[in-house]
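One letter stands for each residue in the lines below.
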Amino acid sequence: WTSDMARVGAVAIVVLFLAAFAAGQVGTTPGLQATIGSDFVGRAWKELVTIALPMLQGLALPEMNGSASTPIGTIDYDITGLTITSVSFGSSSVNLTSGSGVVATVSGLALSITLDIKFRQEPFPHISGTDKVTVKVTSGDAQFGMNVTETSGHLQLALTSDTLSLGDFNVSITGTWAWLVDVIKGLFNSKIKSAVVSGITGALQTTLVPELNTALMQLPMTHTFLSDEWAITLDYSLVQSPTVNDNYLSANILGGFTSAEKPAPCPSVAPAMPLSAGTNDVQVFISDAVLDCLSFAFFNAGNFKYVLDHSIVPATSIVQMNTSTFVSLFPQLYEKYPDVFFDVGITATEAPKLTSSKTGEGVLVNGGATLSFMPVVDGNETDALTLDAEVELLLSILPHQVDSSVGHEVYVSGALTINNLTLTADSSLVGPVDTAGLVRILTDIFGVVDAALTVGVPLPHIPLPYIGEFDISSPFTQYNDGFTIVAFDLSF
């Protein structure tokens, strides 16, 4: 019985808590503040470079012509088909500095450039010819200054500076004009190199960054959670441009949750929170105002209602939601409905107040509800008994990592403590009720749920649009008075 009720209770608590968390609504004041560490920004920059650099392949550069001195005399030349055919890099890094923004570097840059050259000897005997040339740049470096801004809730990037230097290179030709190699080397140093640099930096400014910003603008900044009972939309758009601090980026996020059934403005306003960087890749400050608004929106939409159906108790359990099981508490209920299953309806009478507590190391939940005991007769629920309940719970949700030979899983476990629970008979069609005895039983059940929460459940891998699955590790939670900090590392 203990394990069965623990499983049922733990699932119910986690589902109700997550449902409440996913049902709030805030205004334009940021309810969430996030910090993203420079290490994670650096890894993200490397991924971005890996995606962006191949976009330079096929970049065509302007044609050029002129004259040059060669072992056979002065020649006139025309260079056409000047094209970057491959791009690769060795390493990348990001430096975040307060007041200076983001400085990103790429080292070990390698390019392959092809071109066609046509030449004609100026003096007699006017030797002429054509050749196909490949220039391979084996060392190069690039440095970019960037501003991170916000437009319509989306992240946007703006290049403030760009420096590209190309170092060692070698030249190969397909023809037999050996002296042409030295001519191309001279032209590369004097003209072609600058054309390549201008072409790449120009493409970044006019093509790559605008295309990236277009893609960022198309990323969804809302996500709708659906169930058979409700539809909840989360708005995680930016409220203002991110701020660059030493070693981390900070962002103010709306954290708005809207119930599609009955949206309404939330009465709570998020206060300022003491933003500071942690050691994890991502750190999120969640204000109590967000928690209150979550609760308010869920309650206002009428979604804080739940029917505990007797069928959720396994048939193998000794204790059943049956009048015979609770005959000592409800003798009159048993007399009127002998050996009958009953369901319990739970309806919040007010929006539960959710408050982060540093002392309690959890979230205090204060609220009222009605408990309706409804015998099921001929497949229909019948009102028999209604109790008013006032409860104060301390709920601690604590993620932790479990390592194994196949990797690691993040488990969400916690603790549930009843600080206060009172029951008052509101209406009864079956006579007096032993409310004190029922409080004792409910307290025992909550204790079993607490034991189940201690074991925890694995956190599912959540795929994100356009990104794929993030692997979460090293989770951390800290409860403070007025806000909660959730931190974790990410890999992708």
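All values derive from a computational prediction rather than experimental measurement.

S.K.: Tell me what's going on with the overall build of the protein, and back it up with residues and numbers.
M.R.: The secondary structure content of the protein amounts to 6 helices and 29 strands. When the 492 residues of the protein are sorted by exposure, 43% land in the buried category. In the protein, of all internal contacts separated by at least 6 residues, the share reaching a separation of at least 24 is 67%. Working note: accessible area of the protein is about 23,900 Å², and carbon and sulfur atoms make up 57% of it.

S.K.: Tell me about the packing of aromatic side chains, residues and numbers included.
M.R.: A complete count under the given rule lists 9 aromatic pairs for this structure. Between the aromatic rings of Phe326 and Phe342, the centroid separation amounts to 5.7 Å while the plane-to-plane angle is 65 degrees, which identifies the pairing as edge-to-face. Taken as a pair, Phe326 in the loop between strand S18 (305-308) and helix H5 (331-336) and Phe342 in strand S19 (residues 342-348) lie far apart in primary sequence, 16 residues in all. The pair Phe326 / Phe342 is uniform in exposure class, with both members buried.

S.K.: Give me the sheet that holds strand S6 (residues 101-107): which residues, what numbers.
M.R.: Strand order in the open sheet formed by 4 strands is S5-S6-S9-S10, and the pairing between neighbours is antiparallel. Sheet topology places strand S5 (91-97) and strand S10 (154-166) at the edges, where each strand pairs with a single neighbour. With direction set aside, neighbouring strand axes in the sheet form an average angle of 20 degrees. Two strands pair when backbone bridges link them, and S5 and S6 are joined in this way by 7 bridges, in the antiparallel orientation. Its bridge partner lying in S6, Thr97 is registered against Gly101. Lying over the sheet, helix H2 (residues 38-52) contacts S5, S6, strand S9 (140-151) and S10, oriented at roughly 135 degrees with respect to S5. Across the face of the sheet, helix H3 (residues 179-218) comes into contact with S9 and S10 while running at roughly 170 degrees to S10.

S.K.: I'd like to hear about the pairing of strand S4 (residues 73-88), residue by residue, with values.
M.R.: Across 2 bridges, the pairing between strand S2 (residues 59-60) and S4 is antiparallel. Within S4, the residue paired with Ala60 across the bridge is Thr83. Here 7 bridges tie strand S3 (residues 64-70) to S4, and the two strands are oriented antiparallel to one another. Bridged to Ser69 within S4 is Thr74. Here S3 hands over to S4 after 2 residues, the two strands then running antiparallel side by side. Examined bridge by bridge, S4 and strand S7 (residues 110-121) share 11 bridges and lie antiparallel to one another. When the sheet's bridge partners are listed, Ile75 is paired in S7 with Gln121.

S.K.: Any chance you could break down the nonpolar core for me, citing the residues and the numbers?
M.R.: Across soluble globular proteins, you tend to see nonpolar side chains buried next to one another. Core analysis: the biggest nonpolar cluster contains 56 residues, and Leu111, Ile113, Ile192 and Val196 have the highest contact counts within it. Sorting elements by how many residues they give to this core places H3 first, with 17 residues. Setting aside chain neighbours within four positions, we find Val196 in contact with Leu61, Ile84, Leu111, Ile113 and Leu166. Within the second largest apolar cluster, 26 residues are counted, among which are Val363, Leu395, Ile397 and Leu416.

S.K.: Help me get a handle on H2, residues and values and all.
M.R.: Under the 1.5 Å per step criterion, the end-to-end length of H2 is 20 Å for 15 residues, consistent within 8% with the ideal 21 Å. Those residues of H2 that sit buried are Phe40, Val41, Gly42, Trp45 and Val49.

S.K.: I'd like a description of the pattern of salt bridges, backed by residues and values.
M.R.: Applying the stated criterion to the full structure yields 3 salt bridges. Among the salt bridges present, the one from Arg43 reaches Asp281, with a minimum N-O distance of 2.5 Å. A residue pair is termed long-range when its members are at least 10 positions apart, and Arg43 in helix H2 and Asp281 in the loop between strand S16 (256-259) and strand S17 (282-287) qualify at 238 residues. In this structure Arg43 comes out as partly exposed when scored by relative accessible area, which is 35%. Measuring nitrogen to oxygen at the nearest pair gives 2.8 Å for the salt bridge that ties Asp292 to Lys353.

S.K.: Talk me through a negative patch on the surface; I want residue IDs and the actual numbers.
M.R.: A cluster of acidic residues, Glu63, Asp76, Asp78 and Glu122, forms a negative patch at the surface. Relative to the assigned elements, Glu63 resides in the loop between S2 and S3.

S.K.: An account of the side chain of Ser356 is requested, with residue identities and associated values reported.
M.R.: Secondary-structure assignment places Ser356 in strand S20 (residues 353-357). Within the structure, Ser356 has its side chain in polar contact with the backbone oxygen of Asn480 (distance 2.6 Å). One polar contact links Ser356 to Thr484, side chain to side chain, over a distance of 3.0 Å. Among residues more than four places away in sequence, those in contact with Ser356 are Asp288, Gly362, Val363, Tyr479, Asn480, Asp481, Gly482, Phe483 and Thr484.

S.K.: Quick rundown of unusual backbone geometry? Include the residues and the values.
M.R.: At the junction of Phe124 and Pro125, the peptide bond is cis and its omega measures out at 15 degrees in the coordinates. Positionally, Pro125 belongs in the loop between S7 and strand S8 (128-137). Notably, Glu361 is not glycine yet its phi reads approximately 50 degrees, a positive angle. Mapped onto the elements of the fold, Glu361 is located in the loop between S20 and strand S21 (362-377).

S.K.: Let's hear about the sheet that holds strand S28 (residues 471-480): which residues, and what values?
M.R.: The 6 strands lie next to each other as S14-S15-S1-S17-S29-S28, forming an open sheet whose pairing is antiparallel. Only two strands of the sheet have a single neighbouring strand rather than two, namely strand S14 (243-245) and S28. Going from strand to strand, the sheet's axes swing by 20 degrees on average, the running direction of each strand aside. Pairing of S14 with strand S15 (residues 248-253), which is carried by 3 bridges, proceeds in the antiparallel orientation. Each residue of the ladder has a partner; that of Asn245, found in S15, is Tyr248. Sitting on the sheet, H2 is in contact with strand S1 (32-37), S15 and strand S29 (483-491), with an inclination near 70 degrees to S1. In the packing of helix H4 (residues 288-300) onto the sheet, contacts are made with S1, S17 and S29, and the angle to S17 comes to roughly 60 degrees.

S.K.: Any chance you could break down the side chain of Asp343 for me, citing the residues and the numbers?
M.R.: Here Asp343 is to be found in strand S19. One buried charged residue, Asp343, remains without a salt bridge, the closest side chain of opposite sign being Lys305 at 16 Å. At 2.7 Å, the side chain of Asp343 forms a polar contact with the side chain of His310.

Each value, and the rule that gives it
Residues numbered from 1 in each chain as written. Predicted model: local features only at pLDDT ≥ 70, side-chain atom pairs only at ≥ 80, totals over all residues. Heavy atoms only, no water. Helix = DSSP H or I, 4+ residues; strand = E, 2+ residues; numbered from the N terminus. Buried < 20%, exposed > 50% of the residue type's maximum accessible area, 1.4 Å probe, protein only. Contact = heavy atoms within 4.5 Å. Areas by Shrake-Rupley, 256 points an atom, 1.4 Å probe, with all protein chains shown as cover. Phe/Tyr/Trp six-rings, centres within 6.5 Å; stacked < 30°, edge-to-face > 60°. Pairing = 2+ DSSP bridges. Axes fitted to C-alpha atoms, helices over the stretch in contact; angles between N-to-C directions. Core = buried A, V, L, I, M, F, W, Y, C linked by side-chain atoms within 4.5 Å. Expected span 1.5 Å × (residues − 1). Salt bridge = Lys/Arg side-chain N within 4 Å of Asp/Glu carboxyl O. Patch = residues over 30% accessible without salt bridge, like charges linked within 9 Å, V, L, I, M, F, W, Y side chains within 5 Å. Lys, Arg positive; Asp, Glu negative; His and termini not counted. Charge placed at Lys NZ, Arg CZ, Asp CG, Glu CD. Polar contact = N/O pair within 3.5 Å; in protein donor to acceptor, adjacent residues only side chain to side chain.

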